[in-house]
Amino acid sequence: MEFVAIDVETANADMASICQIGMARFSNGVLADQWKSYIDPQDYFAAINVSIHGITEDMVAGAPTFAEIDSTISSWLRDRIVVTHTAFDRVSVFQARSKCKLSGLSCSWLDSACVARRAWTQFSRSGYGLKNVCDTIGYKFQHHDALEDAKAAANIVLAAIAQSGLDLDAWLIRVRQPIEPILGERISRDGNPDGKLYGEVLVFTGELAMPRREAADLAAHLGCRVESGVTKRTTLLVVGDQDVRKL
C-alpha cells in the first residue's frame, strides 16, 4: 500500500498562486519520504492568505517558480495514488500547471475529506475540516504548513483504513459512491435560467468520478434540469462507469 499526500498554500485567491508545497510518501502505512519547498508565485500576497499561513513575499524571495519545480512534483505524483484534503490542492496544482502550459499529470486522486465523511458518521454532513478530523482521531500537527497538512491528510486515510477495514483501492471506489448508499437517493435539480445549457434535461447513469449530488449541482448551474431517470423529456444522458452490456 503506497500513496503520496500533497498540500499547498496560496498567496491570494487565485488558486494557481502556490507559494508553498509539501508532499509525503507513505508505504505500508509508514512515512517513507517527505519534501517541502517555498515557491515564488510571481504574484501578490493577499493579507487574508498571509494571516492564515504566515507566508510572506519576503519568505519566498529567491525560491523557485512552479515551472522550475514541476519536474520534482511530477516525479512524486506521476502514476501514484495522491491524497489531498478537499479538492483545493488538486485544483491548485492543476491550475498552476495549466498557467505554466504544462501537460497533464497521470495519477489517481483520493480526497481525505470524502473519506472522513464516509468513515465516521459525525462528519457525514459537516465538521470534516482537516484540523477537526485530526483532533478526533488524535493526530497532532502544525496546521497551515503544507508538509504538516499533507501528513495530516495521509493520517486521516490511514485511520479510516484501520477503522473501516477497507484498503486503499476500496476507498478509491467508496469515495465515488453516496455517503449513505443504502438510501438510494434520487437527485433532481432545476436548471439555472442564465446557464448556457438552459432547456436541456439531463440524466446521470453509472458510477461517476464525483458524488452524484455535486455533479447535479454543476449541471444545474450550467442550466440543465437534472432528473433521476430517463423519460421522453431527456435530452442529455451522461454515462459513468457501468456494465456496457446493459446499455
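Report on the accompanying structure. Every value quoted in this text rests on a predicted model; they were computed, and no experiment measured them. (Residues numbered from 1 in each chain as written. Predicted model: local features only at pLDDT ≥ 70, side-chain atom pairs only at ≥ 80, totals over all residues. Heavy atoms only, no water.)

Some thoughts on the pairing of strand β3 (residues 30–38)
Put simply, the rule is: At least two bridges found by DSSP between two strands is the condition for calling them paired. Elements are defined by DSSP. Helices are runs of H or I of four residues or more, strands are runs of E of two residues or more, and each kind is numbered from the N terminus.
With eight bridges connecting them, strand β2 (residues 18–27) and β3 associate as antiparallel partners. If you follow G22 over to β3, its bridge partner there is K36.

Examining the pairing of β2
As a reminder of what qualifies: In this scheme, a residue with accessible area under 20% of its type's maximum is buried, one over 50% is exposed, and one in between is partly exposed, where area comes from a 1.4 Å probe on protein chains only.
β2 sits mainly inside the fold: eight of its ten residues count as buried. Direction of pairing for strand β1 (residues 2–10) relative to β2: antiparallel, over a ladder of nine bridges. When the sheet's bridge partners are listed, E2 is paired in β2 with S27. In textbook terms, the turn of a hairpin is the stretch between consecutive antiparallel strands, and for β2 and β3 this stretch comprises two residues, one of which, N28, has a positive phi near 55 degrees.

A word on the packing of aromatic side chains
The test is simple: Note on aromatic contacts: the rings of Phe and Tyr and the six-membered ring of Trp form a pair at centre separations within 6.5 Å, being stacked when their planes are under 30 degrees apart, edge-to-face when over 60 apart, and tilted otherwise.
Summed over all chains, the structure comprises three aromatic pairs. Judged by centre distance (5.4 Å) and plane angle (5 degrees), the ring pair of F3 and F26 falls under stacked. Placement of the pair is F3 in strand β1 and F26 in strand β2, with a sequence separation of 23 residues. When its relative accessible area of 0% is taken as the criterion, F3 is described as buried. Residue F26 is classed as buried on the basis of its relative accessible area, which comes to 4%. Centroid distance W120 to F123: 6.3 Å. Interplanar angle 80 degrees. Geometry classified as edge-to-face.

Some words on the side chain of R174
Put simply, the test is: For this analysis, a polar contact is any N or O atom pair within 3.5 Å, provided that within protein one partner can donate a hydrogen and the other can accept it, and provided that sequence-adjacent residues contribute only side-chain to side-chain pairs.
Looking at the secondary structure, you find R174 in helix α7 (residues 168–174). At a separation of 2.8 Å, a polar atom in the side chain of R174 contacts the main-chain carbonyl oxygen of P178.

Focus on the packing of helix α2 (residues 66–77) against helix α3 (residues 88–99)
Put simply, the rule reads: Geometry is summarised by axes, namely lines fitted to C-alpha atoms with helices restricted to the contacting stretch, and by angles between N-to-C directions that run from 0 to 180 degrees. Throughout, the term roughly parallel applies to angles under 35 degrees, roughly antiparallel to angles over 145, roughly perpendicular to angles from 65 to 115, and oblique to all others. Should the near helix be turned counterclockwise from the far one by less than a right angle, the crossing is left-handed, whereas a clockwise turn marks it as right-handed. Contacts: residue pairs with any heavy atoms within 4.5 Å of one another. In this classification, Asp, Glu, Lys and Arg are treated as charged, Ala, Val, Leu, Ile, Met, Phe, Trp, Tyr, Cys and Pro as nonpolar, and every other residue, Gly included, as polar.
The geometry of α2 relative to α3 is characterised by a closest axis approach of 10 Å and an angle of 125 degrees between their N-to-C directions. Our classification of the angle between α2 and α3 gives oblique. Viewed along their axes, α2 and α3 form a crossing whose handedness is left-handed. On α3, the residues that touch F66, D70 and S74 of α2 are V93, A96 and R97. Among the residues making up the contact of α2 with α3, the classes are represented as three nonpolar, one polar and two charged.

Here we look at the sheet that holds β2
Taken in spatial order, the five strands of this open sheet run β3-β2-β1-β4-β5, and their pairing is mixed. Two strands lie at the open edges of the sheet, namely β3 and β5 (108–111), each paired on one side alone. Between one strand axis and the next, the sheet turns through 25 degrees on average, direction left out of account. Sheet strands touched by α2: β1, β2, β3, β4 (81–84) and β5. Its angle to β2, the strand with the most contacts, is close to 15 degrees. Contacting β4 and β5, helix α4 (residues 112–119) runs over the sheet at an angle of about 50 degrees to β5.

A word on the pattern of salt bridges
The line we're drawing: For salt bridges, the criterion is a side-chain nitrogen of Lys or Arg within 4 Å of an Asp or Glu carboxyl oxygen.
Summed over all chains, the structure comprises ten salt bridges. Where D217 meets R189, a salt bridge forms, and the shortest distance between an N and an O atom there is 2.7 Å. Within this pair, whereas D217 is found in helix α8 (residues 212–221), its partner R189 is found in the loop between α7 and β6 (201–205), the two being separated by 28 residues in sequence. D217 gets classed as partly exposed once you look at its relative accessible area, which sits at 40%.

Here we look at the nonpolar core
Rules: To define a nonpolar core, start from buried Ala, Val, Leu, Ile, Met, Phe, Trp, Tyr and Cys residues and group those joined through side-chain atoms within 4.5 Å.
Counting residues in each nonpolar core, the largest one holds 32 residues, and the members touching the most others are F3, L110 and W120. Every element with two or more residues in this core is listed here: β1, β2, β4, α4, α5 (130–137), α6 (146–164) and α7. The greatest single-element share of this core, amounting to ten residues, is contributed by α6. If we ignore the near neighbours within four places in the chain, the residues touching F3 are A24, R25, F26, I81, V83, A154, L158 and L168.

Structural measurements only, silent on function.
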